[in-house]
Amino acid sequence: MRMSSWRRAVVACTAAATATLASGAPLRGQVTLPDGAERRQPIPALAVSGSGEARVAPDQATVRLGVSARAPDAGAAQQQVSRTAAAILAAIRKLGVAAAQIKTSELSLNPLYAPSRPGSGNGNDEPRITGYQATNVVSVELDLPDRGLDRVGPVIDAGLAAGANRVEGVVFALRDEEPARAAALAQAAANARRKAAVLAAALRVRLDEVLEVSEQGTQVVSPRYRMTMAMAAGAVAPTPVSSGQITVTAAVTVRYRIAPCPAQGPCN
């Protein structure tokens, strides 16, 4: 039987490969490195994490208070809230707070429904509206360096005296957080460097250049002053308020190139 040209080519290639393996010569398809090329080795490195913290006094305070009322119809609930809110705003402005520092932060009007009674229907009954609840909450921003802290307590007291029945507390903040964030990051980097130096000394290696720096983020924790209505109802003395300090935290990860120390002598 005559062999086809394709089968003759396969047999020839198989025979050539067998002869090459037997002779020890490299296969033509084998990958070899060019002359002078070196295999890339991993860079010896030491990775450490560092944390930092900065504490600064706040320069801004935001007081949130307002009124909430219920009535059988929507108009009555809204009118009652509007009258009390107007009285609250007037009382706060009498303290010397500018109108630009006062803004409405919540304004709502919602229906109130009667609770469903077990066995009253097949579950398809329309909910029955029994009344409406209106809410008006204002935010008062005070600059602390300009005797703002002295006004926080009086603003709360004036609002309560004018009819406020919702006091959501005080939030202290910074108008510009960048300096505090930068200080916390600088401390985090210094903390990472100290850790790396301790580890390098213990491992008898030398710290060389910085290979990589990764910021893990910063966080601002502002002090909050919360006041329950039970406290407000029984308060007869001026409300004392302390601002405390704002805490800014930061974290970084740093990778250093390292090298072995000499066998004799110190490792610089």
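If you're wondering where the values come from, they're calculated on a predicted model, not measured in any experiment.

Cut-off values and rules
Residues numbered from 1 in each chain as written. Predicted model: local features only at pLDDT ≥ 70, side-chain atom pairs only at ≥ 80, totals over all residues. Heavy atoms only, no water. Buried < 20%, exposed > 50% of the residue type's maximum accessible area, 1.4 Å probe, protein only. Helix = DSSP H or I, 4+ residues; strand = E, 2+ residues; numbered from the N terminus. Pairing = 2+ DSSP bridges. pLDDT = per-residue confidence, 0-100. Contact = heavy atoms within 4.5 Å. Salt bridge = Lys/Arg side-chain N within 4 Å of Asp/Glu carboxyl O.

## Side note on the pairing of strand β2 (residues 60-71)
Counting buried positions over the 12 residues of β2 gives 10, a clear majority of the element. Where β2 and strand β5 (residues 166-173) come together, seven bridges link them in antiparallel fashion. For Thr 62, the partnering residue across the bridge sits in β5 and is Val 171.

## Thoughts on the confidence of the model for the protein chain
Low-confidence regions, as indicated by low pLDDT, have predicted coordinates that should not be scrutinised in detail. Put simply, the protein chain has an average pLDDT of 81, and 73% of its residues get 70 or more. The low-confidence segment residues 3-31 (pLDDT under 50) makes five contacts with residues lying over four places distant or belonging to another chain.

## Observations concerning the pattern of salt bridges
Inspection of the entire model under this criterion finds 10 salt bridges. One salt bridge connects Arg 166 with Glu 168, and the closest N-O pair in it is separated by 2.5 Å. Glu 168 gets classed as partly exposed once you look at its relative accessible area, which sits at 27%. The residue Arg 181 makes a salt bridge to Glu 177 at a minimum N-O spacing of 2.9 Å. The exposure class of Glu 177 is partly exposed, given its relative accessible area of 27%. Connected through salt bridges with shared partners, the residues Arg 64, Glu 106, Arg 166 and Glu 168 form a single ionic network.

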